Amino acid sequence: MSHNELRKDFLLGGWVVIATERARRPTDFAKRTDQNANVSASVCPLCPGNEHMTPPAVLIYRKVNGQIVREKDQNGFRHKDWLIRCVPNLYPAFAPPKAETAIEEIMKNDSFALAVGHHEVLIESRVHDVHPADAELPQLVNVVNAYFDRMRELVEKPYVKYVSIFRNHGQQAGASLTHAHSQLIAIPFVPSTVAAEIRAGAHFWRKNRECIFCDLIEKESIGPRLVHQNSDFVVITPYASKNPMEFWIIPRKHAVNPLNLSQSETETFAQTLRSTLKALKTLVNDPPYNYGIHLTIDKSAQDCYHWHLEVLPKLAIWAGFEKSTGVYINTIPPETAARELRKTIES
Ligand SMILES: [Zn+2]
Ligand SMILES: [Zn+2]
Ligand SMILES: [Zn+2]
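No experiment lies behind these values; they were computed from the predicted model shown. The residue count restarts for each chain, going from 1 along the sequence in the order it is written. Think of it this way: whatever chain is written first is A, whatever ligand is written first is 1, and the rest follow in order. Where totals are concerned, whole chains, interfaces and linings use all residues; where local detail is concerned, this predicted model gives features only for residues with pLDDT of at least 70, and gives and counts side-chain atom pairs only at 80 or more. To get the side-chain values, take all heavy atoms of the structure and skip hydrogens and water.

### Here we look at the sheet that holds strand S2 (residues 15-18)
Working step 1: Here we have three strands laid out as an open sheet, ordered S1-S2-S16, and mixed in their pairing. The sheet is open, and its two borders are formed by strand S1 (5-8) and strand S16 (328-330), each paired with just one other strand. Shown here is a sheet whose adjacent strand axes are inclined to one another by a mean of 30°, direction ignored.
Working step 2: Two strands are counted as paired when DSSP detects at least two bridges linking them. In this description a helix means any DSSP run of H or I spanning at least four residues, a strand means any run of E spanning at least two, and both kinds are numbered starting from the N terminus. Looking at chain direction, S1 and S2 are connected through four bridges and run antiparallel. Considered in S2, the bridge of Leu 6 is made with Val 17. Orientation is described by axes fitted as lines to C-alpha atoms, over the contacting stretch for helices, and by angles from 0 to 180 degrees between their N-to-C directions.

Here is the structure:
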């Protein structure tokens, strides 16, 4: 009997089992359409008309004379004519500090701190269930611009060391509301996954004087794990993908975070996100997924880190082996995932 492959994650160092022997096809994971049917049909707090059900917005996009205008809800007034609406989470995991809290008061010592920060819900559309795979491009461009507007404001706060921008799609991926939305969480430390990526990047840079992601783009854009590429972005399935159908969107231009994207690059980013998520939706019948942007705001990582967006479909159940060892079994080889996604995008 021949063997499955063991592949080492070049960034995080762990081993992944790629089940080439009893590999499955993406369509094997397509769920029946009724799976999300029993999500409660109660009033949606994110729908237009229900603005009073959420805290005042910290950012709103409105259209005035054909132009996007950015505003906040102020003095108890709630704007009703929004295109994008970003509100504090009613049950924040990280909450803003009380006025005048010194940084020393937040990080008490090496192993204890207060969960100070910001937790926001970004409502992507007035229409309840228009998710990115089906969104009109100008609206998705608004979503992406709003991500970066919020991030720009949050990184200015002295206690913020990282801003996580992410999206949960489908109940099984943790979306408790079905209205199209993303979240931002600003936190007072660098999360361990990103810290490990930065360490790997720094190590590679010391050895090769090159960014590990720039190197990856160069190699993978001519290989079997290429999903899609255009003028500004390359989409690949990682060599040691933990998740079936996982893919990463990586900018060609070396940058540690997306805050300096031009408007045309932002549009291409939205377009790339839409076409790849659409391909995933088509192939696997709208699977649950999470996506998140990895970035840094630490200037010392300028040369060795490179921002990207990771799309992590939730198609496998991680159980005893995965949870107790941190070794993952992926039953769709990333080469198969890339080929199927590529075909779907091109068709
Ligand atoms: Zn809604
Ligand atoms: Zn780079
Ligand atoms: Zn990453």
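Let's pick the thread back up.
### Things to note about the packing of helix H2 (residues 137-154) against helix H5 (residues 263-284)
Working step 1: Following both chains from N to C, one finds H2 and H5 inclined at 115°, their axes separated by 9 Å at the closest point. Overall, the two elements H2 and H5 adopt an arrangement that is roughly perpendicular. The two elements H2 and H5 cross, and the hand of that crossing is right-handed. Residues Leu 137, Leu 140, Val 141, Val 144, Asn 145 and Phe 148 of H2 form the contact with H5, whose own contacting residues are Gln 263, Thr 266, Glu 267, Phe 269, Ala 270, Gln 271 and Arg 274.
Working step 2: By the convention adopted, Pro, Cys, Tyr, Trp, Phe, Met, Ile, Leu, Val and Ala count as nonpolar, Lys, Arg, Asp and Glu as charged, and the other residues, Gly among them, as polar. Per-class residue counts for the contact of H2 with H5 are seven nonpolar, four polar and two charged. When an angle is under 35 degrees it counts as roughly parallel; over 145 it counts as roughly antiparallel; between 65 and 115 it counts as roughly perpendicular; any other value is oblique. Two helices cross in a left-handed way if the nearer one is turned anticlockwise from the farther one by less than a right angle. They cross in a right-handed way if the turn is clockwise. Note on contacts: a residue pair qualifies if any of its non-hydrogen atoms lie within 4.5 Å across the two residues.

### Regarding the sheet that holds strand S9 (residues 162-169)
The pairing of strands in a sheet comes from backbone hydrogen bonds and takes either a parallel or an antiparallel form.
Working step 1: An order of S4-S3-S5-S8-S10-S9-S14-S15-S13-S12-S11 is seen for the eleven strands of this open sheet, with the pairing classed as antiparallel. Of all strands in the sheet, those bounded by a partner on one side alone are strand S4 (67-71) and strand S11 (226-229). Here the average twist between neighbouring strands, direction ignored, is 20°.
Working step 2: Bridge count between strand S14 (residues 289-294) and strand S15 (residues 308-313): six bridges; the pairing is antiparallel. Within the sheet, the bridge partner assigned to Gly 292 lies in S15 and is Glu 310.
Working step 3: Along the sheet, helix H4 (residues 212-220) contacts S11, strand S12 (233-236), strand S13 (247-251) and S15; its crossing angle with S13, the most-contacted strand, is approximately 110°.

### Examining the coordination of the zinc ion (ligand 3)
Working step 1: Listed as protein donors to the zinc ion (ligand 3) are Glu 197 (OE), Glu 197 (OE), His 294 (ND1), His 308 (NE2) and Glu 310 (OE); their distances from the metal cover 2.0 to 2.6 Å.
Working step 2: Water is absent from the atoms considered, so a metal site may look incomplete; donors are defined as N, O and S atoms within 2.8 Å of the metal, or 3.2 Å for Na, K and Ca. In the primary structure, the donors to the zinc ion (ligand 3) are separated according to the pattern E-x96-H-x13-H-x1-E. Residue His 294 is located in strand S14, and its partner His 308 is located in strand S15; the two are separated by 14 residues in the primary sequence.

### What to know about the coordination of the zinc ion (ligand 1)
Six octahedrally arranged donors around a metal ideally form angles of 90 or 180 degrees; four tetrahedrally arranged donors ideally form angles of 109.5 degrees.
Working step 1: Protein ligation of the zinc ion (ligand 1) involves Cys 44 (SG), Cys 47 (SG), His 128 (ND1) and His 179 (ND1), the donor distances falling in the range 2.0 to 2.3 Å.
Working step 2: Key to geometry: four donors with every angle between 85 and 135 degrees are tetrahedral; four donors are square planar and six octahedral where opposite donors lie over 155 degrees apart and all remaining angles lie between 65 and 115; all other sites are irregular. For the zinc ion (ligand 1), the four donor atoms are set out with angles of 107 to 117° between them, so the coordination reads as tetrahedral.
Working step 3: If you list the donors of the zinc ion (ligand 1) from N- to C-terminus, the spacing comes out as C-x2-C-x80-H-x50-H. With Cys 47 in the loop between S2 and strand S3 (59-64) and His 179 in the loop between S9 and strand S10 (181-187), this pair connects stretches of sequence that are 132 residues apart.
Working step 4: A relative accessible area of 17% places Cys 47 in the buried class. With a 1.4 Å probe rolled over the protein chains alone, any residue whose accessible area is under 20% of its type maximum counts as buried; one over 50% counts as exposed, and the rest are partly exposed.

### Some words on the pairing of S9
Working step 1: Buried residues dominate S9, accounting for seven of its eight residues.
Working step 2: Taken together, the four bridges between S9 and S14 define a ladder with antiparallel strand orientation. Within the sheet, the bridge partner assigned to Asn 168 lies in S14 and is Asn 290.

### Focus on the packing of H5 against helix H7 (residues 334-346)
Working step 1: With their axes 9 Å apart at the nearest point, H5 and H7 run at an angle of 105° to one another. The orientation of H5 with respect to H7, classified from their angle, is roughly perpendicular. Residues Ser 275, Thr 276, Ala 279, Leu 280, Thr 282 and Leu 283 of H5 form the contact with H7, whose own contacting residues are Glu 340, Leu 341, Thr 344 and Ile 345.
Working step 2: Grouping the constituent residues of the contact of H5 with H7 by class yields five nonpolar, four polar and one charged.

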